[in-house]
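Fold and contact review
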Amino acid sequence: SQQGEEDPQALSIQEGENATMNCSYKTSINNLQWYRQNSGRGLVHLILIRSNEREKHSGRLRVTLDTSKKSSSLLITASRAADTASYFCATDGDNYGQNFVFGPGTRLSVLP
Amino acid sequence: NAGVTQTPKFQVLKTGQSMTLQCAQDMNHEYMSWYRQDPGMGLRLIHYSVGAGITDQGEVPNGYNVSRSTTEDFPLRLLSAAPSQTSVYFCASSYSRQGAVNTIYFGEGSWLTVV
């Protein structure tokens, strides 16, 4: 069964707008990570948030984690056409660095 | 530092043929894994390894075989290809340490079509 589920499945916004994607998971975690996949490429790590953290920033990315609701959100501010990609959350359950489970992803389209 | 390298990039197989997808990493990661990615679905774990000589099954292991003779290499074998194995395959590696930042590094993917 999938651990992470992203929402929405697809998101289309104009350049300059903010994009918010959500991820829900089912069991306890050590950390939650967000990855980006450009079309036809492998996944690239964006940001990691540990289970004892509530918010983390990296450039235009802001991730929040609510362990009581078993959910996370990824906010991309001032989006650019180059942000067009699929975004996935991944959780490791109670295994450190093992058996990461990915959701189906959110397809983000940023229109110029 | 090449990261995770997987080959081939593209492959077409006939039903019943066998082949091996190669994966190598140069980061001395303990943990390596193979995922498949199908349209509308996330990545599903096929097999994984926590170190040389140790492998285990993931979510969708049927029809695949793996071995881990060295830390660096983790090949995935399709024993008798079936059309249902048409997919994009990703090899990944990471550290596997308590308290560490165990970021996953992915290869660029192998597009496999079984006809």
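Numbers given to residues run from 1 along each chain, matching the order in which its sequence is written. Chain letters start at A and ligand numbers start at 1, both assigned in the order the entries are written. Local features in this predicted model are restricted to residues of pLDDT 70 or higher, and side-chain atom pairs are both shown and tallied only at a pLDDT of 80 or more, whereas totals for entire chains, interfaces and linings draw on every residue. Water and hydrogen atoms were dropped before computing side-chain values, which therefore reflect all heavy atoms in the structure.

Residues and elements named next belong to chain B. By definition, two strands form a pair when at least two bridges between them are found by DSSP. The helix count covers DSSP runs of H or I at least four residues long, the strand count covers runs of E at least two residues long, and both are numbered beginning at the N terminus. What the 4 strands build is an open sheet, ordered 1-3-8-7; its pairing is antiparallel. The open sheet has two free edges, formed respectively by strand 1 (4-7) and strand 7 (64-66), since each of these has just one partner strand. Adjacent strand axes in the sheet meet at a mean angle of 20° when their direction is disregarded. Direction of pairing for strand 7 relative to strand 8 (residues 76-78): antiparallel, over a ladder of 3 bridges. Bridging from a neighbouring strand, V66 pairs with L76 of strand 8. Here an angle of 0 to 180 degrees is reported between the N-to-C directions of two axes, which are lines fitted to C-alpha atoms, with helices fitted over the stretch in contact.

To continue, consider the state of the cysteines. Count a disulfide wherever a pair of cysteine sulfur atoms falls within 2.5 Å. Under the criterion given, the structure shown has 2 disulfides over all chains. Note that A:C23 is cross-linked by a disulfide to A:C89, the S-S spacing being 2.0 Å. Looking down the S-S bond of the A:C23 and A:C89 bridge, the torsion is 65°, so its handedness is right-handed. Separated by 66 residues along the polypeptide, A:C23 in strand 3 (residues 19-24) and A:C89 in strand 9 (residues 85-91) bring together distant segments of the chain. Bridging B:C23 to B:C91, the disulfide has an S-S length of 1.8 Å. In this structure, the disulfide formed by B:C23 and B:C91 twists by about -75° around the S-S bond and is classed as left-handed. You can see B:C23 sitting in strand 3 (residues 19-25) and its partner B:C91 sitting in strand 9 (residues 87-94), a full 68 residues away along the chain. Grouping residues by exposure puts B:C23 and B:C91 together as buried. For the exposure calls, accessible area comes from a 1.4 Å probe over protein chains only, and a residue counts as buried if that area is under 20% of its type's maximum, exposed if over 50%, partly exposed in between.

The topology assignment puts B:Q37 in strand 4 (residues 31-37). According to the relative accessible area criterion, B:Q37 is buried, its value standing at 13%. By the criterion applied in these results, polar contacts are pairs of N or O atoms within 3.5 Å in which, for protein atoms, one can donate a hydrogen and the other can accept it, and in which residues neighboring in sequence qualify only through two side-chain atoms. Polar contacts involving the side chain of B:Q37 include one to the side chain of A:Q37, which spans 2.9 Å. Beyond its immediate stretch of four places on either side in the chain, B:Q37 contacts A:Q37, A:F88, B:G42, B:L43, B:S87, B:V88 and B:F90. The contact criterion used throughout is that any non-hydrogen atoms of two residues lie within 4.5 Å.

With that settled, the discussion passes to the pattern of salt bridges. Every case where a carboxyl oxygen of Asp or Glu lies within 4 Å of a side-chain nitrogen of Lys or Arg is listed as a salt bridge. A complete count under the given rule lists 7 salt bridges over all chains for this structure. With a shortest N-O distance of 2.4 Å, B:E108 and A:R41 are connected by a salt bridge. On the criterion of chain membership, the pair formed by B:E108 in the loop between strand 10 (105-106) and strand 11 (110-114) and A:R41 in the loop between strand 4 (31-37) and strand 5 (43-50) is interchain, its members lying in two chains. Residue A:R41 is classed as partly exposed on the basis of its relative accessible area of 44%. The salt bridge involving B:R36 is made with B:D38; its shortest N-O contact spans 3.0 Å.

Here we come to the sheet that holds strand 6 (residues 55-58) of chain A. Residues and elements named next belong to chain A. The 5 strands lie next to each other as 1-3-8-7-6, forming an open sheet whose pairing is antiparallel. Here the strands that pair on one side only, and so sit at the sheet edges, are strand 1 (5-7) and strand 6. Adjacent strand axes in the sheet meet at a mean angle of 20° when their direction is disregarded. Pairing of strand 3 with strand 8 (residues 71-76), which is carried by 6 bridges, proceeds in the antiparallel orientation. Directly across from N22, in strand 8, lies its bridge partner S73.

Bringing the interface of chain B and chain A into the picture now. Across the boundary between the two partners, chain B contributes 27 residues, which contact 20 residues of chain A. Roughly 1900 Å² of surface becomes buried between chain B and chain A when both sides are summed, with 52% attributable to carbon and sulfur atoms. For the interface between chain B and chain A, the tally reads 1 salt bridge. Across the chain B-chain A interface, the total number found is 4 residue pairs in polar contact (both at pLDDT 80 or more). If you list the elements that add at least two residues to the side of chain B that touches chain A, you get strand 4, strand 5 (43-51) and strand 9 of chain B. Sorting elements by how many residues they give to the side of chain B that touches chain A places strand 5 of chain B first, with 4 residues. For this scheme, ten residues count as nonpolar: Ala, Val, Leu, Ile, Met, Phe, Trp, Tyr, Cys and Pro. Four count as charged, namely Asp, Glu, Lys and Arg, and the remainder, Gly too, count as polar. In terms of residue class, the side of chain B that touches chain A is made up of 14 nonpolar, 10 polar and 3 charged. The buried area of a pairing is the accessible area, by a 1.4 Å probe, that goes missing from both parts when the two are put together, added over both.

Further remarks concern the pairing of strand 6 (residues 54-57) of chain B. Residue and element names in this part refer to chain B. The pairing of strand 5 with strand 6 spans 3 bridges and is antiparallel. Counterpart to G51 in the pairing with strand 6 is I54. Hairpin connection between strand 5 and strand 6: a loop of 2 residues separates the two successive antiparallel strands, and G53 in this loop has a positive phi of roughly 85°.

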